[in-house]
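One-letter residues, chain by chain:
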Amino acid sequence: MVRPVRAWSGGPPLRVMWDERFALHAPRGYHPERPERLDAAREGLAIALARLGRAGSVESVASVPASRDSLQRVHDPRYLRVLEARLADGDGQLDPDTYHRAASREVAWLAAGGTAALARALLSDRGGRGLALVRPPGHHATPERSMGFCLLNNVAVAAAEALAHGARKVAIVDWDVHHGNGTQRVFESDPRVLFVSLHQRDLFPVGSGSAAEVGLGAGAGFTANLALPAGSGPEVYGEAFRRVVIPLLDRFGADITLVSAGFDAHSRDPLGGMALDAQTYGALTTALVAQAERAGHGRVGLVLEGGYDLVALEASVTAVVSAVLGQAVALPEGRTDAEARAAIGATEAALGRYWPGAFR
């Protein structure tokens, strides 16, 4: 069992995992999931560290190729064999959205393995916070298929790794604008993993992520979907966190919280239709860090998912890193419209019988 730790007085270490080889997974011509995204994210990290004078508090976590055992905790062995065979062909398409290149096998295995390594580092006695700046993203990859730019499910591999290395419970909060259908599929029957997704309703993948999807079998009640209306802004996300996300995390009592940190709900993003700004991402991060500290361990690991406007991505990463390092931002407050309140209420209603008294 993982021994809980508290943040030390000088601030917890920030563990950062990235690898220059992630840039080798590159499209021919324009594609929204491109190497420049990682450049923007790294610049956002550098800006936050410089502003706060915290460059010396960063500890690097080396990326290593994911082991077969770690991948098979999440993905069907047959899928892994087929994927490797397809990637061995060099350039091609796995589906209309998801490309691969000669280096994609190496990059995908490094991204998943490096994210798992970050989870192991966060479970050490020193605890701390973590940031995995990875490509390609992963939360759409299901146990048996790639989709939505994703080859392997990085955050799911990390969560399974945490469970295999002493964590009793793992929480995953997915605030990417698209529903994390792959992560949900991996853990929907597992009561050791609480999966919470905030996403734009009726966006890709179509038909996935309704409030009625609460998990299956022993995992019923451990999947929470906040399918929010297009145009939702900071106040809606603030209310969703206060009413649903934080109460669930408090009740669940995870040993580590992992975040599928997509930044495509930003108002500038070309693939989403939401109205967030960088400060909102800082506020959401602040709330998750505060909850983890109340739980007595302080372990929060953010894993890059979507975010396709480079200016928004850089600013958003700056905001979340600043929050992780102690620059607190309050959750947004203000009026929300009836449609947004109804969407949050639908999640509360779907989960109420599993978590009596959690939602007030």
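Note that the structure is predicted; figures quoted are calculated from it, not measured. (Residues numbered from 1 in each chain as written. Predicted model: local features only at pLDDT ≥ 70, side-chain atom pairs only at ≥ 80, totals over all residues. Heavy atoms only, no water.)

A. Up close: unusual backbone geometry. Looking along the chain, the bond that leaves R135 and enters P136 is cis, with omega of -10°. With respect to the helices, strands and loops of the structure, P136 is situated in the loop between β5 (129–132) and α5 (154–164). Of note, the amide linkage connecting F204 to P205 takes the cis form, showing an omega dihedral of -10°. By secondary structure assignment, the location of P205 is in the loop between β7 (193–200) and β8 (223–228). Residues other than glycine seldom take positive phi values, yet F149 does so here, at roughly 80°. (Helix = DSSP H or I, 4+ residues; strand = E, 2+ residues; numbered from the N terminus.)

B. Quick look at the packing of aromatic side chains. Using the criterion set out here, one finds 5 aromatic pairs in the structure. Ring centres 5.8 Å apart and planes at 45° place the aromatic pair W175 and Y281 in the tilted group. Taken together, the positions of W175 in the loop between β6 (170–174) and α6 (181–187) and Y281 in helix α8 (residues 278–294) put the pair 106 residues apart, joining distant regions of the chain. Considered together, W175 and Y281 belong to a single accessibility category, that of buried residues. Summarising the aromatic geometry, the rings of F222 and W355 are spaced 5.6 Å apart at their centres and angled 80° between planes, so their arrangement reads as edge-to-face. With a gap of 133 residues between them, F222 in the loop between β7 and β8 and W355 in the segment after α10 (338–351) connect regions that are remote in the sequence. In this structure F222 comes out as buried when scored by relative accessible area, which is 18%. These aromatic residues form a ring-pair network of at least three members: W175, F263 and Y281. (Phe/Tyr/Trp six-rings, centres within 6.5 Å; stacked < 30°, edge-to-face > 60°. Buried < 20%, exposed > 50% of the residue type's maximum accessible area, 1.4 Å probe, protein only.)

C. Structural view of the confidence of the model for the protein. Averaged over all residues, the pLDDT of the protein equals 95, while 96% of them reach at least 70. Here strand β2 (residues 58–60) stands out as the least confident element of the protein, with mean pLDDT 93; β6 is the most confident, with 99. Across residues 1–9, confidence stays below pLDDT 50; counting only partners more than four residues off in sequence or on other chains, it has 26 contacts. (pLDDT = per-residue confidence, 0-100. Contact = heavy atoms within 4.5 Å.)

D. Geometry of the sheet that holds β8. What the 8 strands build is an open sheet, ordered β2-β1-β5-β10-β9-β6-β7-β8; its pairing is parallel. The open sheet terminates on both sides in strands that have one partner only, identified here as β2 and β8. Pairs of neighbouring strands in the sheet enclose a mean axial angle of 15°, with direction left out of account. Sheet analysis places β6 next to strand β9 (residues 256–261), joined by 5 bridges and oriented parallel. Its bridge partner being in β9, D174 is matched across the sheet by S260. Each of β5, β6, β9 and β10 (300–304) is contacted by α8, which is oriented at about 145° to β10, the strand it contacts most. (Pairing = 2+ DSSP bridges. Axes fitted to C-alpha atoms, helices over the stretch in contact; angles between N-to-C directions.)

E. View of α10. Compared with the 20 Å implied by 1.5 Å per residue over 14 residues, the 20 Å span of α10 between its first and last C-alpha is a close match. All of the buried residues in α10 are A340, A343, I344, T347, E348 and L351. Down the axis of α10, the sector holding all buried residues measures 140°, keeping them to one side. Facing away from the buried side of α10, by more than 90 degrees, are the exposed residues A338 and A349. Where α10 is buried, its residues meet β8 and α7 (234–252). (Expected span 1.5 Å × (residues − 1). Arc of directions from axis to C-beta.)

F. Seen up close, the nonpolar core. Core analysis: the largest hydrophobic core is formed by 111 residues, its most contacted members being W175 and F241. If you tally residues by element for this core, the top one is helix α4 (residues 104–122), at 12 residues. (Core = buried A, V, L, I, M, F, W, Y, C linked by side-chain atoms within 4.5 Å.)

G. The packing of α4 against α5, seen in detail. For the pair α4 and α5, interaxial distance at closest approach is 8 Å and the crossing angle is 40°. Regarding the angle of α4 to α5, the classification is oblique. Note on packing geometry: the crossing formed by α4 with α5 is right-handed. Taken together, the residues of α5 that come into contact with α4 (itself represented by A108, A111, A112, T115, A116, A119 and R120) are N154, V157, A158 and E161. Broken down by class, the residue content of the contact of α4 with α5 amounts to 7 nonpolar, 2 polar and 2 charged. (Parallel < 35°, antiparallel > 145°, perpendicular 65-115°, else oblique. Left-handed = near helix turned anticlockwise from the far one by under 90°. Nonpolar A, V, L, I, M, F, W, Y, C, P; charged D, E, K, R; others polar.)

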